[in-house]
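Architecture at a glance
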Amino acid sequence: MAKYERHLFVCTNQRPEGSPRPSCNPDGKAELHRALNLAVAEAGLKDRVRVNKSGCLDQCEHAANVVVYPEAVWYGNVQLADVPEIVQSHLVEGRPVARLELAEACIHTASCPHKPAKS
Ligand code: FES
Ligand SMILES: [Zn+2]
């Protein structure tokens, strides 16, 4: 089998209600992962693109989060309705969906204005 051209990591971490941080999969159904996986298959990309479930990516305040490698494109606040555009624009046409990309200041930085301040 040929190597995958891209890997998507879809955070499916679930936290109980009332947790101090939100989570990407609060109802535990992992619907975003399922929808991306299905859309990748429907686009005929199953042999080239792998859609993996991921644990917490530490971007919880931007839930739901998806990261695409090898480009290291981080998508945040991803909704089920965004799936067709991610697949068509990014995975088929090679154009990341700019409107969903997390700001540089948000990715693994203490400066992200959405994260609670560390005490
Ligand atoms: S729960 Fe998804 S990034 Fe933390
Ligand atoms: Zn942020």
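What this report covers is the structure whose coordinates are included nearby. Just so it is clear, the model here is predicted, and its values are computed rather than measured. (Residues numbered from 1 in each chain as written. Chains lettered and ligands numbered in written order. Predicted model: local features only at pLDDT ≥ 70, side-chain atom pairs only at ≥ 80, totals over all residues.)

Quick word on the overall build of the protein chain
What the protein chain contains, in helices and strands, is 2 helices and 4 strands. Sequence-ordered secondary structure for the protein chain, helices as α and strands as β, is β-α-β-β-β-α. For 119 residues, the compact-globule formula gives about 14 Å, and the C-alpha radius of gyration of the protein chain, at 14 Å, lands near that figure. When burial is assessed residue by residue, the protein chain has 29% of its 119 residues classed as buried. In the protein chain, 59% of the contacts between residues at least 6 apart in sequence involve partners at least 24 apart. (Helix = DSSP H or I, 4+ residues; strand = E, 2+ residues; numbered from the N terminus. Rg over C-alpha atoms; globule rule 2.2 N^0.38 Å. Buried ≥ 20, exposed ≤ 12 C-beta atoms within 10 Å, placed from the backbone. Contact = placed C-beta atoms within 7 Å.)

Structural notes on the nonpolar core
Counting residues in hydrophobic clusters, the biggest one holds 24 residues, and the most contacted among them are Leu 8, Val 10, Leu 36 and Val 66. Taken together, the elements giving at least two residues each to this core come down to strand S1 (6-11), helix H1 (31-42), strand S2 (49-54), strand S3 (66-69), strand S4 (73-75) and helix H2 (83-92). (Core = buried A, V, L, I, M, F, W, Y, C linked by C-beta atoms within 7 Å.)

Remarks on the pairing of S2
As paired elements, S1 and S2 share 6 bridges and run parallel to each other. Within the sheet, the bridge partner assigned to Cys 11 lies in S2 and is Ser 54. At this point the chain moves from S1, through H1, to the parallel S2, and the crossover so formed is right-handed. (Pairing = 2+ DSSP bridges. Right-handed = clockwise from strand over helix to strand, strands pointing away.)

Focus: the pairing of S3
Sheet topology note: the S1/S3 ladder contains 4 bridges and is antiparallel. Looking at the pairing, His 7 lines up with Tyr 69 of S3. Inspection of the sheet shows S3 paired to S4 by 3 bridges, in the antiparallel sense. For Val 66, the partnering residue across the bridge sits in S4 and is Tyr 75. Counting the residues in the hairpin turn of S3 and S4 gives 3 residues, including Ala 72, whose phi is positive at 60°.

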